Amino acid sequence: MLNVTDINVYYGSIHALHDMTFHVNDGEIVSLIGANGAGKSTTLKTISGLLRSRTGDIEFDGHSISRTEPDVIVRQGLTHVPEGRRIFLSMTVEENLDMGAFTVREGKKQALDDVYDRFPRLAERRSQIAGTLSGGEQQMLAMGRALMIRPKMMMLDEPSMGLAPILVSQIMDIIVELNKAGTTILLVEQNARLALKISHRSYVIESGRIVLSDTAENLLNNDQVKKAYLGG
Amino acid sequence: MNLINHLINGIHVGSIYALVALGYNMVYGIVKLINFAHGDIIMAGAYVAFFALDAGLPTVVAVAASVVFCVLLGVVIEKVAYRPLRKSAKISLLITAIGISLLLENVAQKLFSATPRLFPKIISGGFYLGDRQISMTTIVTIVVSAVLMALLTVFVKTTNAGKAMRAVSEDTEAAQLMGINVDNTISMTFAIGSGLAAIAAVLYCCSYPQVYPTMGALFGIKAFIAAVLGGIGSIPGAVVGGLTIGIAEALTKGYLSSTWADAIVFSLLIVTLLLKPSGILGRKVVEKV
Ligand SMILES: Nc1ncnc2c1ncn2[C@@H]1O[C@H](COP(=O)(O)OP(=O)(O)OP(=O)(O)O)[C@@H](O)[C@H]1O
Ligand SMILES: [Mg+2]
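What you are looking at is a predicted structure, and each value in this text was computed from that prediction instead of being measured.

Criteria and cut-off values
Residue indices begin from 1 for each chain and proceed along its sequence in written order. Both sets of labels track the order of writing: A upward for chains, 1 upward for ligands. Per-residue local features are limited, in this predicted model, to residues with pLDDT of at least 70; the limit for side-chain atom pairs, both in listing and counting, is 80 or more; totals at the level of whole chains, interfaces and linings are taken over all residues. To obtain the side-chain values, all non-hydrogen atoms of the structure were used and water was disregarded. Going along the chain from the N terminus, every DSSP run of H or I of four or more residues is numbered as a helix, and every run of E of two or more is numbered as a strand. The reference for a compact globule is 2.2 Å times residues^0.38; the radius of gyration itself is calculated from the C-alpha atoms. We call a residue buried when its accessible area falls under 20% of the maximum for its residue type, exposed when it is over 50%, and partly exposed in between, using a 1.4 Å probe and counting protein chains only. All accessible-area figures derive from a Shrake-Rupley calculation using a 1.4 Å probe, and residue coverage is judged against the displayed protein chains alone. Ring pairs shown here join Phe, Tyr and Trp side chains whose ring centres sit within 6.5 Å, with only the six-membered ring taken for Trp; geometry is labelled stacked below 30 degrees between planes, edge-to-face above 60, and tilted in between. Helix span, expected: 1.5 Å multiplied by one less than the number of residues in the helix. Note on contacts: a residue pair is in contact if any heavy atoms of the two residues lie within 4.5 Å. Coordinating donors are taken as N, O and S atoms within 2.8 Å of the metal, stretched to 3.2 Å for Na, K and Ca; because water is absent from the atoms, sites can appear incomplete. By convention a nonpolar core is built from buried Ala, Val, Leu, Ile, Met, Phe, Trp, Tyr and Cys residues, the set being connected through side-chain atoms within 4.5 Å. Note on definitions. A residue lies near a molecule or strand when any single heavy atom of the residue is within 4 Å of it. Whenever two N or O atoms come within 3.5 Å, that pair is a polar contact, provided that in protein one can donate a hydrogen and the other can accept it, and provided that, for residues adjacent in sequence, both atoms are side-chain atoms. Think of it as three bins: nonpolar holds Ala, Val, Leu, Ile, Met, Phe, Trp, Tyr, Cys and Pro, charged holds Asp, Glu, Lys and Arg, and polar takes everything else, Gly as well. Strands were regarded as paired on the criterion that DSSP finds at least two bridges between them. Here an axis means a line fitted to C-alpha atoms, over the contact stretch when the element is a helix, while the angle between two N-to-C directions is reported on a 0 to 180 degree scale.

Draft legend 1. Fine view of the overall build of chain A. Helix and strand counts for chain A come out as 10 helices and 10 strands. Radius of gyration (C-alpha) of chain A: 17 Å, near the 17 Å computed for a compact globule of 232 residues. Over its C-alpha atoms, taken along the principal directions, chain A stretches across nearly 45 × 40 × 30 Å. Classification of the 232 residues of chain A by burial places 54% in the buried group.

Draft legend 2. Focus on the overall build of chain B. In terms of helices and strands, chain B carries 11 helices and 4 strands. Against the compact-globule benchmark of 19 Å for 289 residues, chain B has a radius of gyration of 19 Å, which places it among compact chains. Principal axes of the C-alpha set define a box for chain B whose edges measure 60 × 45 × 35 Å. In chain B, buried positions account for 47% of the 289 residues. For chain B, the exposed area adds up to about 13200 Å²; of that, 70% sits on carbon and sulfur atoms.

Draft legend 3. A look at the packing of aromatic side chains. Residues and elements named next belong to chain B. In total, this model carries 11 aromatic pairs over all chains according to the counting rule given. Residues Phe50 and Phe51 carry aromatic rings whose centres are separated by 5.1 Å and whose planes lie at 75° to one another, so their mutual orientation is edge-to-face. The exposure class of Phe51 is partly exposed, given its relative accessible area of 32%. Seen in terms of ring centroids, Tyr204 and Tyr208 are 5.0 Å apart; in terms of plane orientation they differ by 35°. Their pairing is tilted.

Draft legend 4. Highlighting helix H5 (residues 136-158) of chain B. All names here are of chain B. With 23 residues, H5 ought to run about 33 Å at 1.5 Å a step, and its terminal C-alpha atoms sit 33 Å apart, in line with that. Every buried residue belonging to H5 is among Thr137, Thr138, Thr141, Ser145, Leu148, Met149, Leu152 and Val156, and all of these are buried. In the core, the buried residues of H5 are packed alongside helix H1 (3-31), strand E3 (132-135), helix H6 (160-170), helix H8 (182-207) and helix H10 (235-255).

Draft legend 5. Examining the coordination of the magnesium ion (ligand 2) more closely. Residues and elements named next belong to chain A. Binding of the magnesium ion (ligand 2) to the protein goes through Ser41 (OG) and Glu83 (OE), at separations of 1.9 to 2.3 Å. Highlighted residues: Ser41 in helix H1 (residues 40-47) and Glu83 in the loop between strand E6 (78-81) and helix H3 (93-100), separated in sequence by 42 residues. Residue classification places Glu83 among the partly exposed positions, given a relative accessible area of 33%.

Draft legend 6. Representation of the nonpolar core. Counting residues in each nonpolar core, the largest one holds 85 residues, and the members touching the most others are Leu19, Ile77, Tyr82, Ile180 and Val211 of chain B. Broken down by element, this core gets its largest block of residues, 14 residues, from H8 of chain B. Residues within four places of Ile180 of chain B in sequence aside, it is in contact with Asp71, Met99 and Phe102 of chain A together with Ala164, Ala167, Val168, Ala175 and Thr185 of chain B. Within the second largest apolar cluster, 49 residues are counted, among which are Ala123, Leu147, Val168 and Leu212 of chain A.

Draft legend 7. Highlighting the site of ligand 1. Residue and element names in this part refer to chain A. Surveying the vicinity of ligand 1 reveals 14 residues, the closest of which are Asn36, Gly37, Lys40, Ser41 and Thr42. One of the backbone N or O atoms of Ala38 is found 3.2 Å from an oxygen atom in ligand 1. Between ligand 1 and Glu83, the relevant distance is 2.8 Å, taken from an oxygen atom to a side-chain nitrogen or oxygen of the residue. Protein chains bury 62% of the 640 Å² of accessible surface belonging to ligand 1 in isolation. Counting residues per element, the ones that place at least two in the shell around ligand 1 are strand E2 (14-24) and H1. Counting residues per element, the shell around ligand 1 draws most heavily on H1, which supplies 3 residues. Partitioned by chemical class, the residues of the shell around ligand 1 number 5 nonpolar, 6 polar and 3 charged.

Draft legend 8. How the structure looks around the sheet that holds strand E7 (residues 153-157) of chain A. Residues and elements named next belong to chain A. Read from one edge of the open sheet, 6 strands run E6-E7-E8-E3-E9-E10, paired in mixed fashion. The two strands at the open ends of the sheet, each matched to only one other strand, are E6 and strand E10 (209-215). Adjacent strand axes in the sheet meet at a mean angle of 15° when their direction is disregarded. Where helix H6 (residues 135-147) meets the sheet, its contacts fall on E6 and E7, and the angle it forms with E6 comes to roughly 165°.

Draft legend 9. Seen up close, helix H11 (residues 258-275) of chain B. Along its 18 residues, H11 of chain B runs 26 Å from first to last C-alpha, staying within 8% of the 26 Å computed at 1.5 Å per residue. Looking at the packing, one finds that the buried side of H11 of chain B touches helix H9 (215-230) and H10 of chain B.

And the structure:
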């Protein structure tokens, strides 16, 4: 589904990603784990076209997208729920969802109903201004908004950030459900335990480099990972 | 002259300020740029309308030519001068805008000389409301402005392009992730702002029939003050700011003297910003964490 080959990304003179290569198979949940500043968000932004790699290639669903504009990538069925949710705070819940469906011509109503089915909380609050939602509701809205295009693949950047544990497990359950319903998932998390629990495979990133990759199960039992990311 | 007349005059000139302020605010809302060249678009629009009328073309054609020219000019300026700098420091963008403004004024000076041209009378007559006479120019100005503002509001609220504008102005990156093409949205914003400026130019010339290279400078500054007063970046703010400045100016001219008008306008701005830094209808900027 997604093949990232040898990408190098810079912020001015800062070399943020080094020769990064990884892939996500159709139907998988793959996670990228790593500490603050490791380059996880940079990786997702490069895939969705907000940043450009100087080298290598990114292939999604059989097409190279490394020179494709972000709005065109969305139309190809790849959606990105950014770090910090980035919902439109001044708009209502429903207006946010409508923005999510910006590229959708047909079946908008059905997509909206599906999102409300999955997130009944959003349905109750459909005319509330998004800026007044709680953190958990904002995360649901960010995910719901990304689901409006019925994506083939969804990238999530730290969906657990700032949420109470009970909400975190709710969000994780929803990610698993979405995956079971056929959406391929690329998940970025600082909370490695959480990510490894629901992923099939995972990549560990340190200072812009992939230093380890394995099945989630193996990584959970890896001493190095235990020590660095799972608190012993 | 009495209060009602002054108010009507104020709404008349205020509507024109509002049309121009809309251009400042739409552009600011979307690229966070104070487009100093916007006032000079008015000048360009005035010259195009003047030459078209001078060549004997019908008013409608002259206005249309002016709109088309300004739309192209605005879009080209954004593409050539502002777009390459979009990711650089804001100050470079601001200085470029000032540069474009000077460029347009000097090109006009070179092409048409500094001598003012007399804009022909295209609206005449008037009618009585009770025993009060209202000129046709005033009526046309107020009605045309009100219709344009209403259309713009509907456009921004209901069309896909309008939605894209709202999304880009609130969060450009998030808008891109919704599948919105930011470049096209920005071009469209400049197009609409410049088109409104062209119509403002013709309406302005109907009341102050002189066309000269720096005519957009002071008028542009006052419309910009209207934009800041109403709330920079806000569409309804531009309308409120424009009308406020227009009425304040008319009242000052009516009851004090013309020489005080500009001083009063600037004082109004300073006092408002002291009381409410984001302007009358401006939203407090939400700090992103
Ligand atoms: N806009 C930027 N300009 C310059 N450097 C940046 C920019 N954004 C990120 N960086 C740098 O790039 C590196 C990777 O940042 P990135 O945001 O991808 O990390 P991350 O893994 O997502 O971290 P976190 O877990 O804190 O979100 C960091 O060293 C960061 O300082
Ligand atoms: Mg990050």
